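Letter by letter, the chains look like this.
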Amino acid sequence: MTATRILWLAFAVYGALIGAFLVSELATAGSVGPPIDDGWIYMAFARSLAVGEGITYPGYDGSLCAVTGPIWNAMLALLFVLFGATPLVAKSCGILTGAFAIWAVYRLGQSATGDRKVGAIAALVVACSPRFVWGALSVMEVPFFVATVGWGLALHLDRREQSLGRWLPALVVLWLSGWARPECFVFPAIVALHRFGWRELGITLALLALYPAYHLAAYGHPLPTTFYAKASGGAPWSILARDGFGAALSAVVMNPLEQIATFVGYLPTFLPVLALGALPGLLRGMRERSGVVFVVLAMTAFIVARGVLGVAQPHFQYGRYFGHVFALFAVVCVYGFDGARVGWKSSVGVLSVIAVSWIMFSESTQAYVFDWVGTGVILTEDDANTIAWVGPMVGAGIMLLGALQGRPARPPMPLAAAFLILALVFGGVRHGRNVNDTYTMNVAMAQKIGEVVPEDERVACHDIGAIGFFSDRLMLDLAGLGSPEVVFGPRLPNGRIDGQRILTEVRPKWLCLTQGMFDAVMGGRQQLPGLAGFELVHSIDHPANVTLLGTNYFLAKLTWE
């Protein structure tokens, strides 16, 4: 099959999978919508921008930068102006951007290897990934940064030796990826260093400076509230201030190592037999001096830099945040198969590294098998972790059989196809359950808040997406995303937000949490100082959404002394 036909097959498969996942949403939830509450957060911010309220949140008076990807927020807002603020419109943006991301993976594979067929096969692999399909339908920025990282690196490889003017589009495209996921700002720095020139470095620094400048101008802080709420506590400078030089130095050394080990164990869970081409791909790239070596370096630099910065725990929601890393990985691995063959020694070596990583960092690496993006629904977490070993173990057996036969073993394509089909079935069902859980818990609670809570009274909560989109009430966001007084307020000795102290100082009249979140915020203490009354107004019992901790979601009215 030619490269062109494989690429068209990738688009066709992607379209079919999008349709299947949407059918799963409709069949399970009776409607389409975001699979997690964060999608509603984007929709709420985009709607505020679309109706002329600026960069803010429903019920909040003033500018507030609580979305990670301002550029994705602006894209959604534009579509909302043209077609209305609905989940289907928001999903359409993700679907179309996802198709562009598949093309970008193809371009990267072609540019890195000089072989259009390698790029087309890598694009097909990405298109078949249930995590990628989930991301395209999540109403979040996932497909955008997959597309811009792939396209930007392809442009860099094509134009590295050309004039500055011809190369600059590569830098700009990669810079745009950082406006969707700030960690991706590592990539423009990488390509500037790879080209190396003082003008290139100067332009890159100037472009990077625009991100903190935007946030300073918008709401008075150099980074979005998402960073301060989720990541700042693990950053080396925060650890230095809190625990001293020794702890900060340990984090700078250990976090990158954990990042690397976790990725080694994580990436094969997309498609285990694909990993067998990783080391052969690198070795072939070194032998042929192709752009694959740079792709590996860029991927490694991103992982290490993320670990040094301590942006989040190494195993945190990889399926959601790191689709672009899998796309780079896919290009390297497909290249390593070298005409559908791979050497048994390097393959067994790759499988051994994976096994060691899984043993040493089992909690970090065995999660998210078959598109697990949260708590287990179809299988228990232990069942999922057990199944995670099946692909590499069978792959190892096939490689060893090839060794005994004295010839290179062919990649087990039927096994790969079976794994993908099973993963897609599990992923599609899981996706439908995610959407159903969001409507059953988040949306239903938001609508109840709109009914019973007066417009001038504040609701303390932890999930702010659907609540903001449907209720339009002023919130005290105990996660800190939508409330600067929380994220820049009192902290516990471990660097986490002191939710109990904030509640006692602000004294909101309403509280909306799951039981698990309530226990986490209270630190196990059920009584707040100064709290005179706790009246349960509404409760929802349902298997938890991925963004919720616990199955019981409640709304309570608080009375203070």
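Everything below is about the structure shown above.
Residues numbered from 1 in each chain as written. Predicted model: local features only at pLDDT ≥ 70, side-chain atom pairs only at ≥ 80, totals over all residues. Heavy atoms only, no water.

Considering all chains together, one arrives at six cavities of 30 Å³ or more under this definition. Every element with two or more residues in the lining of the largest cavity is listed here: α2 (37–50) and α11 (225–230). Looking at the lining of the largest cavity element by element, the count peaks at three residues for α2. Among the residues making up the lining of the largest cavity, the classes are represented as six nonpolar, two polar and five charged. (1 Å grid on protein atoms, 1.4 Å probe; cavity = no way out; pocket = protein on both sides within 12 Å on 5 of 7 lines; lining within 4 Å. Points joined across faces, edges and corners; volume = space filled by probe spheres on them. Helix = DSSP H or I, 4+ residues; strand = E, 2+ residues; numbered from the N terminus. Nonpolar A, V, L, I, M, F, W, Y, C, P; charged D, E, K, R; others polar.)

So, on to the packing of aromatic side chains. The tally for this structure, following the rule as stated, stands at 21 aromatic pairs. An angle of 65° between the planes, with centres 6.2 Å apart, marks the rings of Trp103 and Trp151 as edge-to-face. Taken together, the residues span a long stretch of sequence, with Trp103 in helix α4 (residues 87–113) and Trp151 in helix α7 (residues 142–159) at a distance of 48 residues. Residue classification places Trp151 among the partly exposed positions, given a relative accessible area of 28%. Relative to Tyr214, the ring of Trp179 has its centre 5.5 Å away and its plane inclined at 65°; by these criteria the two rings are edge-to-face. Of this pair, Trp179 sits in the loop between α8 (164–178) and α9 (186–195) while Tyr214 sits in helix α10 (residues 198–219), and the two are 35 residues apart along the sequence. (Phe/Tyr/Trp six-rings, centres within 6.5 Å; stacked < 30°, edge-to-face > 60°. Buried < 20%, exposed > 50% of the residue type's maximum accessible area, 1.4 Å probe, protein only.)

For the rest of this paragraph, the subject is the packing of α2 against helix α3 (residues 70–83). Orientation of α2 relative to α3, taken along the N-to-C sense of each, is 60°, at an axis distance of 8 Å. Classed by the angle they form, the pair α2 and α3 counts as oblique. The two elements α2 and α3 meet at a crossing, and its hand is right-handed. Of the residues in α3, those touching α2 at Tyr42, Met43, Phe45, Ala46, Arg47, Leu49 and Ala50 are Trp72, Asn73, Ala74, Leu76, Ala77, Phe80 and Val81. In terms of residue class, the contact of α2 with α3 is built from twelve nonpolar, one polar and one charged. (Axes fitted to C-alpha atoms, helices over the stretch in contact; angles between N-to-C directions. Parallel < 35°, antiparallel > 145°, perpendicular 65-115°, else oblique. Left-handed = near helix turned anticlockwise from the far one by under 90°. Contact = heavy atoms within 4.5 Å.)

Glancing now at the environment of Val126. For Val126, the location among the structural elements is in helix α5 (residues 116–127). Measuring from C-alpha to C-alpha, the distance between Val126 and Val105 comes to 7.9 Å, with 21 residues separating the pair along the chain. Once residues lying within four places of it in the same chain are set aside, the contact partners of Val126 are Val105, Phe132, Phe326, Ala327 and Ala330.

Axis separation between α8 and α9 bottoms out at 8 Å; the angle between their running directions is 155°. Here α8 is positioned roughly antiparallel relative to α9, judged by the angle of their axes. Here Leu164, Trp167, Leu171, Leu174 and Trp175 of α8 come into contact with α9, specifically with Phe187, Pro188, Val191, Ala192 and Arg195. Its residues assigned to classes, the contact of α8 with α9 shows nine nonpolar, no polar and one charged.

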